[in-house]
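Residue-level listing of the chains:
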Amino acid sequence: MLSLHKNYVLDEYQKTVAVQIPIVEFEQIEEALENYGLAKLMDETQNDERFSGEVAQQYYQQLKNNVES
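About the thresholds
Residues numbered from 1 in each chain as written. Predicted model: local features only at pLDDT ≥ 70, side-chain atom pairs only at ≥ 80, totals over all residues. Heavy atoms only, no water. Pairing = 2+ DSSP bridges. Helix = DSSP H or I, 4+ residues; strand = E, 2+ residues; numbered from the N terminus. Buried < 20%, exposed > 50% of the residue type's maximum accessible area, 1.4 Å probe, protein only. Patch = residues over 30% accessible without salt bridge, like charges linked within 9 Å, V, L, I, M, F, W, Y side chains within 5 Å. Areas by Shrake-Rupley, 256 points an atom, 1.4 Å probe, with all protein chains shown as cover. Salt bridge = Lys/Arg side-chain N within 4 Å of Asp/Glu carboxyl O. Lys, Arg positive; Asp, Glu negative; His and termini not counted. Polar contact = N/O pair within 3.5 Å; in protein donor to acceptor, adjacent residues only side chain to side chain. Contact = heavy atoms within 4.5 Å.

**A word on the pairing of strand β2 (residues 16-20)**
At step 1: Sheet analysis places strand β1 (residues 7-10) next to β2, joined by four bridges and oriented antiparallel. Bridging from a neighbouring strand, tyrosine 8 pairs with valine 19 of β2.
At step 2: Remark: five residues form the turn of the hairpin made by β1 and β2, two consecutive strands paired antiparallel; glutamine 14 in that turn has positive phi of roughly 65 degrees.

**Digging into the environment of glutamine 28**
At step 1: With respect to the helices, strands and loops of the structure, glutamine 28 is situated in helix α1 (residues 23-44).
At step 2: Using a relative accessible area of 38% as the deciding quantity, one classes glutamine 28 as partly exposed.
At step 3: Placed 26 residues apart in sequence, glutamine 28 and leucine 2 show a C-alpha to C-alpha distance of 8.3 Å.

**Observations concerning unusual backbone geometry**
Glycine aside, residues mostly have negative phi, and peptide bonds are mostly found in the trans state.
At step 1: Despite not being glycine, glutamine 14 shows a phi value in the positive range, around 65 degrees.
At step 2: With respect to the helices and strands, the residue glutamine 14 is situated in the loop between β1 and β2.

**So, a nonpolar patch on the surface**
At step 1: Judged by side-chain polarity, Phe51, Val55, Tyr59 and Leu63 come together as a nonpolar surface patch covering roughly 360 Å² of accessible area.
At step 2: Within the secondary structure layout, tyrosine 59 lies in helix α2 (residues 53-68).

**Notes on the side chain of glutamate 25**
At step 1: Position of glutamate 25 among the secondary structure elements: in helix α1.
At step 2: Among buried charged residues, glutamate 25 stands out as having no salt bridge; its nearest opposite-charge side chain is lysine 6, 9.0 Å away.
At step 3: A distance of 2.4 Å separates the side chain of glutamate 25 from the side chain of histidine 5, its partner in a polar contact.
At step 4: Apart from residues lying up to four places away in sequence, glutamate 25 is in contact with Leu2, Ser3, Leu4 and His5.

Everything listed here is a matter of coordinates, which is why it stays silent on function.
Below, the structure written as structure tokens:
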């Protein structure tokens with residue numbers, strides 16, 4: 001389990017308004033969230049239709065062209 005070193009930021013009324021954590025810990029959290037999202041997406045699309053390499057490249061090129069125009 002990831003150990004977090006938190007610093008609380010208080011306003012003029014001593015109400016907690018934010019938390020600071022070291023950038024290294026933030027990057028670890030970010031990576032864990034990305035991995036979770038990728039694993040969830042892989043599970044959700046496990047039974048979806050698969051493209052051949054050539055068809056996938058054509059589809060990707062079409063998407064890229066639509067974004068550029």
